[in-house]
There are 2 protein chains.
Amino acid sequence: MPDRVHNFCAGPCTLPLPVLEEVRDEFVNFNDEGMSLIEMSHRARAYDEVHQNAMRLAVEVSGAPDEFGVMFIQGGATLQFAMVPMNLLGNAQRAGYINSGTWGKGAITDAKPHGDIYVAWDGDETGYTRMPHTAELNVEQNTRYLHVTSNETIGGIRMADWPEVDAPLVADMSSDYLSRSIPWEKFDLVYGGVQKNLGPAGMAIVFVRKSILENTSRNIARYLRYDVHHDKDSLFNTPPMFTIYLVGKVLGWMKDKGGLPAIEREAAEKAALLYDTIDASDGYYTSPVDRACRSHMNVVFRLPTEDLEKKFLTDSHGENLVNLKGHRSVGGCRASIYNAMPTSSVKALADFMAEFQRANG
Amino acid sequence: MPDRVHNFCAGPCTLPLPVLEEVRDEFVNFNDEGMSLIEMSHRARAYDEVHQNAMRLAVEVSGAPDEFGVMFIQGGATLQFAMVPMNLLGNAQRAGYINSGTWGKGAITDAKPHGDIYVAWDGDETGYTRMPHTAELNVEQNTRYLHVTSNETIGGIRMADWPEVDAPLVADMSSDYLSRSIPWEKFDLVYGGVQKNLGPAGMAIVFVRKSILENTSRNIARYLRYDVHHDKDSLFNTPPMFTIYLVGKVLGWMKDKGGLPAIEREAAEKAALLYDTIDASDGYYTSPVDRACRSHMNVVFRLPTEDLEKKFLTDSHGENLVNLKGHRSVGGCRASIYNAMPTSSVKALADFMAEFQRANG
């Protein structure tokens, strides 16, 4: 393999090369402290600067207003599936969940043991090829929050427009986290694993409306309590320091690129390169996804036959375009083009797709 | 600072330098895959080898018999404080906890919301300067397990002999994890954060007696279920890949050193260098800890006055002996000498202590 491939993996995934090189150079002796960052106390001054810098940048890049606090919590979005209902649901309160695919369904499965949950819309009936319109949502009485998944990694669909409902929204944004602006007024809580757009696996970033922390549950172990993590600046227990350090660097890189507006524009442009190629292929490449819900992060597509899909995967790999296989549960192809995916790599894929069609049409 | 100091931090802490250098060299382009390990799918073949290797080495180095399974779970020992009672306690079952200090107390605090918990022995009465004898333990009827903390990082005490009781033991071994042999027949579950003896912060290793998994709770979110993590080989959700990769390397380094027998012998020798210095000081250095319970990992000691302690910390820092300050809750000095702490560094500290006494006696 060459030093660097075009890596279309669905996550963990491509990170900015300059960030990786910086981390390598700083790895053994951080900040001239005579030790690695990972050998340092999480109470050490040098680490604290790294920690606070990452917290600050998470707020700055996300555009979260003062009403929100940020937390770094281990366990990925999956642990948040449990923590959200555990913390937010009081007696006689219910939560509505949108089942938009694998991840929406996962959130429902994990919330059920911890609260009174109902399905406000079920994408199963339309094969998970789109997100719901507000008018289709069944939001019941005493709904504490409506849970949405902003982007389904496997189905390749995204929530282009947020539901207009009376209940506050809670969103799992893992697979398009900080690739688009967030209308904060709609949300009580936003969370996502960092291992797609923001860093290595091992953590979720959770934004919480501070005012709701007064009413979150206290009758659970401290690690599971939002108020504890928030009060302690995500230093209640030893945090995943290396992950936080790297996330801080990626956020800095995003800021230098122009922040969320620039990232969001570039994401739309990168996605268009591939969707345009699909649309211009006269049905050679097809996408099962409703046009209005096409993900800007995960572009799923099929070829005319499974044999051609196999050849496509083999030939693209030969051109150092790797990890283009669709999720095992749905087959086909998928190009994941997260924040750190260079436009040049997406162009290389679009060119390859056109060339492959010419050669195998 | 020089390239490398003697780092006596209580955790995170010193890791083997050759491991750090290897990680640095492999960081940007892992295994000639054209990407970093942290950019790789957790389902990728190259990562899977890393993952399975770390799991295998955890079993091999710990000496866990076939009856035990191993799991890598995010959230550190602190999340285990919750998961243990959530998974293990059924209806009409109770658990006894030994309050041996800060960590034993933390385990109790976090277990209480999730089960019927009682304190089987309270070290508060003796100032947390020792562990209990079996005869002192109050183990009640219907005790599903007795929870112990093998080593208290802050108090500097260790459980030299395990309790002889009818109930199975569950142990938080975080601060002397895999520095001593484990009598597996006594345990149903053993856990510990990896950030002291085994790698960077961000994960616990949990060993569980497989037969108990049939009766662990199913009515909790999947991330909180031992049976789920175990069934999925710790790949139920995206694991903390970088931490696992590094832990695998540290375990390999331990194996090359001769495994647990050699590590345990060296730990006793390193600790003796410091305790002998304390004992030979004619009361200049004092330890509040019961002799039989002296930790082999965290050596706490006092000097005649707080002013001398301040000078000791300043002067030792000048000799690149760093992070010797005792925990803020107890004051004094503490030298943490985990697995990766070279004997030469401990000798340097012992020599410095003797020299400091001569100069400031």
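Quick notes on the rules
Residues numbered from 1 in each chain as written. Chains lettered and ligands numbered in written order. Predicted model: local features only at pLDDT ≥ 70, side-chain atom pairs only at ≥ 80, totals over all residues. Heavy atoms only, no water. Buried < 20%, exposed > 50% of the residue type's maximum accessible area, 1.4 Å probe, protein only. Helix = DSSP H or I, 4+ residues; strand = E, 2+ residues; numbered from the N terminus. Arc of directions from axis to C-beta. Contact = heavy atoms within 4.5 Å. Buried area = accessible area lost by both parts, 1.4 Å probe. Salt bridge = Lys/Arg side-chain N within 4 Å of Asp/Glu carboxyl O. Polar contact = N/O pair within 3.5 Å; in protein donor to acceptor, adjacent residues only side chain to side chain. Least-squares fit on C-alpha atoms with pLDDT ≥ 70 in both. Domains from an automatic or database assignment. Nonpolar A, V, L, I, M, F, W, Y, C, P; charged D, E, K, R; others polar. Axes fitted to C-alpha atoms, helices over the stretch in contact; angles between N-to-C directions. Parallel < 35°, antiparallel > 145°, perpendicular 65-115°, else oblique. Left-handed = near helix turned anticlockwise from the far one by under 90°.

**Focus: helix α1 (residues 17–26) of chain B**
Residues and elements named next belong to chain B.
Right, on to step 1. If you check which residues of α1 are buried, you get Val19, Leu20 and Val23. What you see down the axis of α1 is that its buried residues fit within an arc of 100 degrees, all on one side.
Right, on to step 2. Where α1 is buried, its residues touch α6 (241–256).

**Quick look at the interface of chain A and chain B**
One widely used convention gives an interface's size as the accessible area the parts lose upon coming together.
Right, on to step 1. Residue-level contacts link 66 residues of chain A with 66 residues of chain B.
Right, on to step 2. With both chains or domains summed, chain A and chain B bury close to 4,800 Å², and 61% of this area falls on carbon and sulfur atoms.
Right, on to step 3. Broken down residue by residue, the surface that chain A buries against chain B is led by Val28, Ile38 and Glu39 of chain A, which jointly contribute 13%.
Right, on to step 4. Where chain A meets chain B, there are four salt bridges.
Right, on to step 5. At the surface where chain A touches chain B, the tally comes to 23 residue pairs in polar contact (both at pLDDT 80 or more).

**Examining the relation of the copies chain A and chain B**
Right, on to step 1. Aligned on chain B, chain A shows an RMSD of 0.0 Å; the corresponding rotation is 180 degrees and the shift along the axis is 0.0 Å. Within this description, the copies of the chain are treated as partners about a two-fold rotation axis.
Right, on to step 2. Mapped onto chain B, 100% of the interface residues of chain A are again interface residues, and the two copies thus contact each other with one and the same surface.

**Digging into the domain arrangement of chain A**
Residues and elements named next belong to chain A.
Right, on to step 1. Taken domain by domain, chain A consists of domain 1 (17–256) and domain 2 (259–360).
Right, on to step 2. Centre-to-centre separation of domain 1 and domain 2, based on C-alpha positions: 27 Å.
Right, on to step 3. Contact residues are listed per partner, giving 26 residues for domain 1 and 23 residues for domain 2.
Right, on to step 4. Summing both partners gives a buried area of about 2,000 Å² for domain 1 against domain 2, and 56% of it is carried by carbon and sulfur.
Right, on to step 5. Together, Ile154, Arg158 and Ser179 form the three largest contributors to the area buried by domain 1 at its contact with domain 2, with a combined 28%.
Right, on to step 6. Where domain 1 touches domain 2, the interface holds zero salt bridges.
Right, on to step 7. Joining domain 1 to domain 2, the criterion identifies 11 residue pairs in polar contact (both at pLDDT 80 or more).
Right, on to step 8. The leading source of residues in the side of domain 1 that touches domain 2 is helix α6 (residues 241–256), at three residues.
Right, on to step 9. Residue composition of the side of domain 1 that touches domain 2, grouped by class: nine nonpolar, 10 polar and seven charged.

**With respect to unusual backbone geometry**
Comment: phi is negative for the bulk of residues other than glycine, and the bulk of peptide bonds are trans.
Right, on to step 1. Omega for the peptide link from glycine 11 of chain A to proline 12 of chain A comes to -10 degrees, which places this bond in the cis form.
Right, on to step 2. Tracing the backbone shows proline 12 of chain A in the loop between β1 (6–7) and α1 (17–26).
Right, on to step 3. Phi is positive for aspartate 32 of chain B, which is not a glycine, with a value near 55 degrees.
Right, on to step 4. Positioned with a positive phi, aspartate 233 of chain B is a non-glycine residue whose angle comes to about 55 degrees.
Right, on to step 5. Mapped onto the secondary structure, aspartate 233 of chain B falls in the loop between α5 (226–231) and α6.

**Notes on the packing of helix α8 (residues 306–318) of chain A against helix α9 (residues 343–360) of chain A**
Residue and element names in this part refer to chain A.
Right, on to step 1. In the contact formed by α8 and α9, the axes pass within 11 Å of each other and the chain directions differ by 130 degrees. Between α8 and α9, the angle is such that the two are oblique. Every pair of crossing elements has a handedness; the one defined by α8 and α9 is right-handed. Here Leu308, Lys311, Phe312, Asp315 and Ser316 of α8 lie close against α9, whose contacting residues are Leu349, Phe352, Met353, Phe356 and Asn360.
Right, on to step 2. Looking at side-chain class alone, the contact of α8 with α9 contains six nonpolar, two polar and two charged residues.

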